[in-house]
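Survey of secondary and tertiary structure
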Amino acid sequence: MRGYGGRRPGAGIVLAGGRSSRMGSPKAGLDWHGAALLTRTVAVLGRAVAGPVVVVRAAGQALPALPPGTEVFDDPVPDLGPLPAIGVGLAAVAAASPGHPAAFVASTDLPLLHPAFAARVLDLLRGHDVALPVAHGHHQPLAAAYRTALAAPIAELTAAGQGRPPSLFTRSDVHRVGEQTLRSDPVLARLDPRLDSLTNVNTPAEYAAARARPLPAVKLHDGDRVRTARAATAGQLGVPVTAYGEMIGPDGPLPSWFPIVTGDEVAVHGARRPH
């Protein structure tokens, strides 16, 4: 991925425990062009952060296969709202990776999330407790950055029966980030100008509309030849590929579920590379 400056010194938390009542089936396992939706969201955050990525699920919830190294924790208080799950995730990150005192928190159902968006929001956290995007007419607490130190006040709020993010925001230093501020970053303006990262899918109609969007454009290098292809996962490219240039990815062939996003460059695995 050219240009967004590499992984940020933070972690990722993905909330997977929603009831999916409007969707009619668990959103975590929905197919996104060859990868489960939860798998994709975890892997996208893994491209944006230097720390661990954790998943917080409902107790006993079945999950699709996740990228190697993903840790899973249970939401301690179902049906109270997302705050207890955020707190569990923040506490887990603080215990496992104290060198990463912030985390980008995402819901499962952000199929168009771009690593550059998560990187931008983490950059905007700076000295605040929360960097909260305000875009598309809404506050976006499930696509926001949080300090891991908030785990303790969240535990207090949970014990008091308060599970909605606004109950935390009234007692925290919240940096509300508007669309203009988000887009003032030239990298994000180039890679996600409409802030499609915030598109969530709550109903079958929203899911179908999101899947119908054009797939991300990627440069595919094959020796001296470079062509543009469209894919949302590495498996859709039809040939084994490796990360190319400044794109963040594992060494060797990319797994078929590996997320492809706008601006990526990949190379056919084993092909001679130009000098």
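So, here's what we can say about the structure. Nothing here was measured: the structure is a model prediction, and the numbers come from that model.

1. Regarding the environment of R176
- The topology assignment puts R176 in strand β8 (residues 174-178).
- On a C-alpha basis, the gap between R176 and A131 in space is 6.1 Å, while along the polypeptide they are 45 residues apart.
- Apart from the residues lying within four places of it in its own chain, the contact partners of R176 are L132, V134, H139 and F169.

2. Overview of the pairing of strand β7 (residues 143-147)
- Burial analysis of β7 places four of its five residues in the buried class, which makes it a mostly covered element.
- Judged from the five bridges that link them, strand β4 (residues 102-107) and β7 form a sheet pairing that is antiparallel. The residue bridging F104 from the neighbouring strand is A145, located in β7.
- Strand direction decides the pairing type here: strand β5 (residues 130-135) and β7, joined by two bridges, are antiparallel.

3. Points about the layout of surface pockets
- When its volume is computed, the second largest pocket comes out at roughly 410 Å³.
- Along the wall of the second largest pocket there are 25 residues; nearest its centre are L112, D196, P214, P216 and T262.
- Elements with a minimum of two residues in the lining of the second largest pocket: α7 (186-191) and α8 (204-211).
- For the lining of the second largest pocket, a count of residues per class yields 14 nonpolar, three polar and eight charged.

4. A few points about the packing of helix α2 (residues 83-96) against helix α4 (residues 151-159)
- Two elements in contact, α2 and α4, have axes separated by 9 Å at closest approach and are oriented at 145°. Remark: the crossing between α2 and α4 carries left-handed chirality. Together, L83, P84, I86, G87, L90 and A91 of α2 and A151, I154, L157 and T158 of α4 make up the contact between the two elements.
- When grouped by side-chain class, the residues that make up the contact of α2 with α4 number eight nonpolar, two polar and no charged.

5. A look at the pattern of salt bridges
- Across all of its chains, the model carries 10 salt bridges by this definition.
- A salt bridge links D31 to R211; its shortest N-O distance comes to 3.1 Å. Taken together, the positions of D31 in the loop between β1 (11-15) and α1 (37-48) and R211 in helix α8 put the pair 180 residues apart, joining distant regions of the chain.
- Measuring nitrogen to oxygen at the nearest pair gives 3.2 Å for the salt bridge that ties R183 to E179. Of this pair, R183 and E179 both sit in helix α6 (residues 179-183), four residues apart, roughly one helical turn.

6. Re the nonpolar core
- Counting residues in hydrophobic clusters, the biggest one holds 34 residues, and the most contacted among them are L45, F104, L113, F117 and L182.
- Of all the elements in the fold, those that place two or more residues in this core are α1, β2 (53-57), β4, α3 (115-125), β5, β7 and α7.
- Excluding residues that lie within four positions of it along the chain, L113 makes contacts with T41, V44, L45, F104, A106, S197 and V261.
- Grouped together as the second largest cluster of nonpolar side chains are 23 residues, A11, L15, L90 and V105 included.

7. Concerning the pairing of β4
- β4 sits mainly inside the fold: six of its six residues count as buried.
- Burial of the side chains of β4 extends over both faces: A102, F104 and A106 are buried on one face and A103, V105 and S107 on the other.
- Relative to β4, β1 runs parallel, the two being bridged by five bridges. Across the sheet, the residue bridging to A11 is A103, located in β4.

8. Some points on the packing of α1 against α3
- Where α1 meets α3, the closest approach of the two axes is 8 Å, and the angle between their N-to-C directions is 55°. Accordingly, the angle class assigned to the pair α1 and α3 is oblique. Every pair of crossing elements has a handedness; the one defined by α1 and α3 is right-handed. Facing V44, L45, R47 and A48 of α1, the residues of α3 in contact are P115, A118 and A119.
- Grouping the constituent residues of the contact of α1 with α3 by class yields six nonpolar, no polar and one charged.

Definitions and limits used
- Residues numbered from 1 in each chain as written.
- Predicted model: local features only at pLDDT ≥ 70, side-chain atom pairs only at ≥ 80, totals over all residues.
- Heavy atoms only, no water.
- Helix = DSSP H or I, 4+ residues; strand = E, 2+ residues; numbered from the N terminus.
- Contact = heavy atoms within 4.5 Å.
- Buried < 20%, exposed > 50% of the residue type's maximum accessible area, 1.4 Å probe, protein only.
- Pairing = 2+ DSSP bridges.
- 1 Å grid on protein atoms, 1.4 Å probe; cavity = no way out; pocket = protein on both sides within 12 Å on 5 of 7 lines; lining within 4 Å.
- Points joined across faces, edges and corners; volume = space filled by probe spheres on them.
- Nonpolar A, V, L, I, M, F, W, Y, C, P; charged D, E, K, R; others polar.
- Axes fitted to C-alpha atoms, helices over the stretch in contact; angles between N-to-C directions.
- Left-handed = near helix turned anticlockwise from the far one by under 90°.
- Salt bridge = Lys/Arg side-chain N within 4 Å of Asp/Glu carboxyl O.
- Core = buried A, V, L, I, M, F, W, Y, C linked by side-chain atoms within 4.5 Å.
- Parallel < 35°, antiparallel > 145°, perpendicular 65-115°, else oblique.

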